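Given next are the chains, with one letter for each unit.
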Amino acid sequence: MDVTVLTLVVAISGLVLMGLLGGLQLVAVLRPRATWTVANVYGGEPGATDAAAYFAFNQGFAWADMYWAPIQIAGGIGMLLGERWGFLLALIGSVPFWYTAVPMFVWDRDLGFRQPTVTYWVVIWGVWPAFGVFEGIYCFVRLLG
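The residue numbers shown here count from 1 along each chain, following its written sequence. The predicted nature of this model means local features are confined to residues of pLDDT at least 70 and side-chain atom pairs, given and counted, to a pLDDT of 80 or more, with totals for whole chains, interfaces and linings taken over all residues. Side-chain calculation: all heavy atoms of the structure are included, whereas hydrogens and water are not.

**Student:** How do you make sense of the layout of surface pockets when you look at a structure like this?
**Tutor:** A probe matching the size of a water molecule, rolled over the atoms, marks out where space remains unfilled. Of the volumes computed, that of the largest pocket is approximately 810 Å³. Note on definitions: the grid is 1 Å and covers protein atoms alone; a cavity is a set of points where a 1.4 Å probe fits but cannot get out; a pocket is an open set with protein on both sides within 12 Å along at least five of seven lines; lining residues have an atom within 4 Å of a point. Forming the walls of the largest pocket are 30 residues, and the residues nearest its centre are V41, Y42, M104, I124 and W128. Ranked by residues supplied to the lining of the largest pocket, first place goes to helix α1 (residues 5-30) with five residues. Grid points are joined across faces, edges and corners, and a volume is the space filled by probe spheres set on the points. To qualify as a helix, a DSSP run of H or I must reach at least 4 residues; to qualify as a strand, a run of E must reach at least 2; elements of each kind are numbered from the N terminus.

Structure follows, in structure tokens:
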């Protein structure tokens with residue numbers, strides 16, 4: 001398959017986003033209750049809700065991302081190589097970007113983490129589902145052609 005400029009943008013964006021997310025979630029897997037992890041990976045405070053539920057929710061996503069990251073990374077590399085399987089893996093890897101945004105949005109809303117700022121809506125929350133939907137549509141269209 002042809003590697004277009006848009007392919008480069010989508011593949012590199014996916015690799016950067018997953019590199020960031022995968023790195024942070026690896027820290028959460030290795031040091032799940034560390035002060036730095038709570039402040040920089042999970043957000044909020046365990047004392048603001050049931051601490052057991054807070055850590056279970058966040059650690060569940062951290063472990064799940066350890067399974068998702070290799071799919072997204074392999075897909076991005078495959079796209080850069082122009083391989084059909086890369087577009088297929090990236091299509092599969094696009095789903096958790098938007099799917100997990102829903103429970104995170106509800107979690108943030110119900111626990112008061114959500115903020116009425118551009119930083120929250122674009123960087124902290126919005127970039128993930130927006131990228132996932134775009135990547136999914138792009139890879140689907142490319143696979144049809």
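**Student:** What exactly am I supposed to notice about the packing of aromatic side chains here?
**Tutor:** For any two aromatic rings, the description comes down to two numbers: the centre-to-centre distance and the angle of the planes. Planes of paired rings set the category: under 30 degrees apart is stacked, over 60 is edge-to-face and the rest tilted, where pairs are Phe, Tyr or Trp rings (Trp by its six-membered ring) whose centres lie within 6.5 Å. This model, assessed by the stated rule, comprises eleven aromatic pairs. When the centroid spacing of 6.4 Å and the interplanar angle of 40 degrees are considered together, the rings of F87 and Y138 count as tilted. Linking F87 in helix α4 (residues 84-99) with Y138 in helix α7 (residues 127-144), this pair joins segments that are 51 residues apart in sequence. For each residue, the accessible area found with a 1.4 Å probe, counting protein chains only, is set against the maximum for its type, and the residue is called buried under 20%, exposed over 50%, and partly exposed in between. Of the residues examined, Y138 reaches a relative accessible area of 10% and is grouped as buried. Ring plane angle 50 degrees and centroid distance 5.7 Å describe the contact between F105 and W121, whose orientation is recorded as tilted. Of this pair, F105 sits in helix α5 (residues 101-111) while W121 is found in helix α6 (residues 118-124), placing the two residues 16 residues apart along the sequence. With relative accessibility at 21%, the residue F105 sits in the partly exposed group. In this analysis the charged atom, NZ for Lys or CZ for Arg, is taken to sit over a ring once it is within 6 Å of the ring centre and within 35 degrees of the ring normal. Geometry around F55 places R33 over its ring, the cationic atom sitting 4.1 Å from the centre.

**Student:** Can you walk me through the environment of G19 in this structure?
**Tutor:** Its location among the elements puts G19 in helix α1. Looking at G19, the relative accessible area reads 41%, which means it is partly exposed. Considering only alpha carbons, one finds G19 and I73, 54 residues apart in sequence, at a separation of 8.1 Å.

**Student:** Would you explain the side chain of T7 in this entry?
**Tutor:** Along the chain, the position of T7 falls in helix α1. The exposure class of T7 is buried, given its relative accessible area of 0%. In this description, contact between two residues means that some pair of their heavy atoms is separated by no more than 4.5 Å. Each residue touching T7, except ones within four places of it in the same chain, is listed here: D2, M79, F87, Y138 and R142.

**Student:** What am I meant to see in helix α3 (residues 51-80) here?
**Tutor:** Note: α-helices contain 3.6 residues per turn, so residues at a spacing of three or four share the same orientation. With 30 residues, α3 should cover 44 Å at 1.5 Å per step; its first-to-last C-alpha distance of 42 Å lies within 8% of that length. Capping of α3 at its N-terminal end is provided by D50; its side-chain oxygen lies 3.3 Å from the backbone amide nitrogen of A52. Positive phi shows up at G82, right after α3, with a value of about 75 degrees. Under the convention used throughout, the expected extent of a helix is 1.5 Å for every residue step, that is, one less than its residue count. Residues adjacent in sequence count toward polar contacts only when both atoms are side-chain atoms; beyond that, a polar contact is any pair of N or O atoms within 3.5 Å, and within protein one must be able to donate a hydrogen and the other to accept it.

**Student:** Could you clarify how one ought to interpret the nonpolar core in this entry?
**Tutor:** Most often, soluble globular proteins keep nonpolar side chains buried together rather than apart. Think of a nonpolar core as a cluster: buried Ala, Val, Leu, Ile, Met, Phe, Trp, Tyr and Cys residues, connected wherever their side-chain atoms sit within 4.5 Å. Within the largest apolar cluster, 16 residues are counted, with the highest numbers of intra-cluster contacts made by M18, M79, F87, F97, Y138 and C139. Beyond its immediate chain neighbours, meaning those up to four positions away, C139 contacts M79, F87, A90 and L91. Counting eleven residues, the second largest nonpolar core, distinct from the first, contains A28, Y42, F61 and A62.

Just distances and angles here, no functional claims.
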